[in-house]
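Spelled out, the chains give:
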Amino acid sequence: MKAVRCMVEGNNCLINGLLRIDERGWAQSVEVMRAEQQGVPGQVLYCHKDTVRFYVVRNETGEYVSPQLYQPNNKTYHYDFRSNLKQILAEQEGPVLWGYCSTETGVVVVQPVYQFASPMNYGEPADTAVVQKDGYLGIIDIFGHICLDFNYNGIQNLKEIAVVMKDGRYGLFSRGGKEMIPVIYDELEIWENDHCFGYVKVRKNGKAGLISLKNEMILDCLYDELKHRDQHNHDLVHESTPELAHETLPFGLVMAQKNGKWGMVNLKNQIQVDFLYDSLTGYDMRKNLLVACRDGKKGIINLNGRQIIDFSYEDIKISPLQDDVIVAQKNGKWGMLNGTGEIRIDFIYDQIRDYQWQWDRAIVEKGRYSGITDFSGNILLKCRYRSLSPCFSWAAKEKYSGYYMVRTKTGWGIMNNEFEFTISPKYLRFEDIFTEFPFYKMWAIDDSDDEDKYNLLSFNGTIGSGFRYDHIHELRQYDRNKSDLTKVVKDGRFGLLDGTGRELVSPQYDWIDLEYQDGLVVIKKNGLYGYLDCYGNEAIEPVFEDAEEFHEGVALIRKDGLYGYIDVCGNYLLAPCLKNRARSFKTFLKQFRSNFADETGSRGIENSEERIEY
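In this report, the structure presented in the accompanying data block is examined. (Residues numbered from 1 in each chain as written. Predicted model: local features only at pLDDT ≥ 70, side-chain atom pairs only at ≥ 80, totals over all residues. Heavy atoms only, no water.)

## As for the overall build of the chain
So, step 1. Across its full length, the chain carries four helices and 56 strands.
So, step 2. The 614 residues of the chain split such that 50% are buried.
So, step 3. A separation threshold of at least 6 residues defines the contact pool for the chain, and within that pool the share at least 24 residues apart is 35%.
So, step 4. With an accessible surface of roughly 29900 Å², the chain has 45% of that area assigned to carbon and sulfur atoms. (Helix = DSSP H or I, 4+ residues; strand = E, 2+ residues; numbered from the N terminus. Buried < 20%, exposed > 50% of the residue type's maximum accessible area, 1.4 Å probe, protein only. Contact = heavy atoms within 4.5 Å. Areas by Shrake-Rupley, 256 points an atom, 1.4 Å probe, with all protein chains shown as cover.)

Shown next, in the form of C-alpha cells:
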C-alpha cells in the first residue's frame, strides 16, 4: 500500500494529509498531517461533521502530484467555504479529484473520482452532496450512490429536494431523483416559513406565478413580481412572537405586482387589495393592516383597502413588539403615532430608535445628541449625550437589561433606568457588553497611563477587577454552578476571574481554554498541558506534550512522543504507547478487540501498537 499527498477539509481551512492507496488503485484511508507533528499522520478531527471532503491531484499521465495550496512555511491554507474553490484550485498542476472520508476513522467512503464536490448536506433519510463529473453536476449519498444523474449545469441541494438548472431553465427534483417540477422555468424560488411549506415562486416569459411542490398551478404566471414577506419588517420580529404578520402566506395571502402597481391576492387567485400602490408591506395581519405607498407618500390601509392612516408620510416604521406604536417621518423629521393616526410624539426629531425593545420609552436624536422620551412625548432625558443606547441581552427572554451605555464629553459610562450613573462616564471605551443574565458585565478600557488597561465591570458598578490586565479575552458561563468565568491576560500570561471579578486563577499559564468538558478545561504551562477544574485547581498537573478536551470522561494525551488516554482523575486508561494519534478511544477499543479475540489486559494493549494501524 502506498501513500500520496492530499488535502483535507478542516474547520474553514484545508489541511495537508496522506491518502493510502492499495495495489488496485483504490483509496483506502486519509490521515491528517499536523504541522506540530512535523509530518506525522494523525486523526481527522478538524471538522465536527461525520464526513469531510478531501482531494488529490493527478497529472496528465495519471501520476499523483502534491497539492500546492500553501506557502513554504505555512502548511494550512485558510479559505471561506462560500468562496469559489475553483479559483483556489486553479494553481494545481493537474486535474483535481474529490472524494469523502470519515472524520472518525479516516476511511474513504467515496472514492476521489469527481471534478468537484460540495460538503455533505446532512439530513434524513440520508446525507447527500452535489458533485461534478464530466462537466455536469449530480447528487450522491454518503455511500457514493447516485441520487440524481449527472445532467445539470447547476444544483441547489436542499436536503429533501433539489433545485436544478439545465440550459438556463429551472426545475425541482426529490432527493431520490424523481421530477417534482419540470425544468421549464426561467426562475424558481421555494417559499417556506414556520407555518407554511410547499409553495414555489416561478417565472416564465418574464412573468411570476406560484405553484405547489406537486406541480399544481396556484397563481398563474401573470404578475410582474410576487412576495410573501417584507425583509425590513421581518428583521424587527421578536423570536417569541412568530405569529406577528411580517409573513402574509400563513394567512393565505400574497403581495403581487401587476402593471407596475402592487396589490394583494389570495391563494384562490382572487384579488384582496386592488393594484393601486407603488409598494405594499405586510404590517400586522392580526389586525389586517398593511403599509402602502402612493404617489411617493406612505400610509396604512386594511385588507379591504380602507385608509387607516393618511398618505402624508415619507416613511413609516413599525414594531411588531409594540402595539399601537407607529414611528413616521414627515417633512424630514420623525415622530410617533398611535394606531389611529393620532400624534404621540411631535415630529421634531432627527431620529427615533430603540423603541421596540423598551416599554414606553424611545431614544430620540437632535443633531449629534441623544436623549429619551416616553411614548406620550414627555422628555425623560434631554438630548445632551453624544451616544446613548440600551444594553441588550439578545439571548434572554427580556431583551432590555434596564441599563444604558452613555457617552459624554468626559468618556463612556453606564446609566440605570432611573437615569442615574452607576458607572461614571470616564472610560476610554467599552467592549463586549455581556447582558445575558446573570452576567450584566462588560470590559472597560482606560488609558490613563498612556497604555490601554482592561477592567471587568458590572453594570451596577459593584463589581470591578481593577485596571491591571493587558486584555480580557472572553466571558463564559459554567453550567454546573451558573458562575461566569472571564479569561484575562497580563504580561503574556492567562488567568481566570470569577463572577465577582475576583482572581480565581492568577495570570500564570501559557494558555487556558474555556471549553469546559466533564468539569475540566485544558491549560498550558511552561510548554506542557494539563487540566483545571471549575474552582481554579490544577486537577491534572501539566505534564503532557499535548492534551485534548474530555469527552465522556476520556481525553487523548501525548507524552514522550507517544499517545494514550486518561480519565478525569488523571489515571491512564491506556498508557502512552501509540506512535500515531488514534481516532478515538471507542474506535481504538473496537479495533483492538477485532484484532485480539481474547482480553490481553493493559500490558497487551501497550505492546500492540505495531499490529494495529492508525
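## Topic: the pairing of strand E32 (residues 333-337)
So, step 1. With respect to burial, E32 is a largely interior element, four of its five residues being buried.
So, step 2. Bridge count between strand E31 (residues 326-330) and E32: five bridges; the pairing is antiparallel. Across the sheet, the residue bridging to Ile-326 is Leu-337, located in E32.
So, step 3. Here E31 folds back onto E32 in antiparallel fashion, the turn holding two residues, of which Asn-331 has a positive phi close to 55°.
So, step 4. With antiparallel pairing between neighbouring strands as the criterion, E32 and strand E33 (residues 343-349) make up a hairpin whose turn holds five residues, including Gly-341 at a positive phi of roughly 95°. (Pairing = 2+ DSSP bridges.)

## Observations regarding the side chain of Arg-203
So, step 1. By secondary structure assignment, the location of Arg-203 is in strand E19 (residues 197-204).
So, step 2. The buried category is assigned to Arg-203, whose relative accessible area is 11%.
So, step 3. Within polar-contact distance, the side chain of Arg-203 engages the backbone oxygen of Gly-206 at 3.1 Å.
So, step 4. Within the local environment of Arg-203, its side chain forms a polar contact with the backbone oxygen of Asp-224, the two atoms lying 3.0 Å apart. (Polar contact = N/O pair within 3.5 Å; in protein donor to acceptor, adjacent residues only side chain to side chain.)

## A short note on the sheet that holds strand E14 (residues 154-158)
So, step 1. Read across the sheet, four strands follow the order E14-E15-E16-E17 without closing on themselves; strand pairing throughout is antiparallel. Both outer strands of the open sheet, E14 and strand E17 (179-185), are each paired with one neighbouring strand and no more. Between one strand and the next, the sheet's axes are offset by a mean angle of 15°, whatever the strand orientation. (Axes fitted to C-alpha atoms, helices over the stretch in contact; angles between N-to-C directions.)

## Describing the side chain of Asp-374
So, step 1. Mapping Asp-374 onto the fold places it in the loop between strand E36 (369-373) and strand E37 (379-385).
So, step 2. No salt bridge forms around the buried Asp-374; measuring N to O, its nearest opposite-charge neighbour Arg-344 is 7.8 Å away.
So, step 3. A polar side-chain atom of Asp-374 sits 3.1 Å from the main-chain amide nitrogen of Gly-377.
So, step 4. Here Asn-378 takes part through its backbone nitrogen, which lies 2.8 Å from a polar atom of the side chain of Asp-374.
So, step 5. Ignoring anything within four residues of it in the chain, the contact list for Asp-374 reads Ile-345, Asp-360, Arg-361 and Leu-380. (Lys, Arg positive; Asp, Glu negative; His and termini not counted. Salt bridge = Lys/Arg side-chain N within 4 Å of Asp/Glu carboxyl O.)

## Things to note about the sheet that holds strand E35 (residues 362-366)
So, step 1. The strand order E34-E35-E36-E37 describes an open sheet built from four strands, whose pairing is antiparallel. Unpaired on one side and paired on the other, strand E34 (351-353) and E37 mark the two borders of the sheet. Neighbour to neighbour, the strand axes of the sheet diverge by 20° on average, direction disregarded.
So, step 2. Where E35 and E36 come together, five bridges link them in antiparallel fashion. For Lys-366, the partnering residue across the bridge sits in E36 and is Tyr-369.

## With respect to the pattern of salt bridges
So, step 1. With the rule as written, the count across this model stands at 20 salt bridges.
So, step 2. Among the salt bridges present, the one from Arg-20 reaches Glu-31, with a minimum N-O distance of 2.9 Å. Residue Arg-20 is located in strand E2 (residues 13-21), and its partner Glu-31 is located in strand E3 (residues 27-33); the two are separated by 11 residues in the primary sequence.
So, step 3. Glu-31 gets classed as buried once you look at its relative accessible area, which sits at 5%.
So, step 4. Here Asp-186 makes a salt bridge to Arg-169, at a shortest N to O gap of 3.3 Å. Residue Asp-186 is located in the loop between E17 and strand E18 (187-192), and its partner Arg-169 is located in strand E16 (residues 169-174); the two are separated by 17 residues in the primary sequence.

## Points about the nonpolar core
So, step 1. Of all hydrophobic cores here, the largest spans 18 residues; its most connected members are Tyr-55, Trp-98, Tyr-100, Tyr-114, Val-131 and Ile-140.
So, step 2. Contributing elements (two or more residues each) for this core: strand E5 (51-58), strand E8 (96-102), strand E9 (108-114), strand E10 (116-117) and strand E11 (128-133).
So, step 3. Looking at this core, the element that brings in the most residues is E8, giving three residues.
So, step 4. Membership of the second largest hydrophobic core comes to 14 residues, among which are Val-489, Ile-512, Val-521 and Leu-532. (Core = buried A, V, L, I, M, F, W, Y, C linked by side-chain atoms within 4.5 Å.)

## Here's the deal with the packing of aromatic side chains
So, step 1. One pass over the structure, following the stated rule, counts 13 aromatic pairs.
So, step 2. With centroids separated by 4.9 Å and ring planes inclined at 45°, the aromatic side chains of Tyr-55 and Trp-98 adopt a geometry described as tilted. You can see Tyr-55 sitting in strand E5 and its partner Trp-98 sitting in strand E8, a full 43 residues away along the chain.
So, step 3. Residue Tyr-55 is classed as buried on the basis of its relative accessible area, which comes to 0%.
So, step 4. Plain terms: the ring middles of Tyr-427 and Phe-430 are 6.0 Å apart, the flat faces sit at 45° to each other, and that makes the pair tilted. Comparing Tyr-427 with Phe-430 shows no difference in burial state: the two are buried.
So, step 5. Through successive ring pairs, a cluster of aromatic residues spans Tyr-55, Trp-98 and Phe-116.
So, step 6. Between Arg-58 and the ring centre of Tyr-64, over which it is positioned, the NZ or CZ distance is 4.5 Å.
So, step 7. Here the basic side chain of Lys-317 rests over the ring of Trp-334, its NZ or CZ set 4.8 Å away from the ring centre. (Phe/Tyr/Trp six-rings, centres within 6.5 Å; stacked < 30°, edge-to-face > 60°. Lys NZ or Arg CZ within 6 Å of the ring centre and 35° of its normal.)

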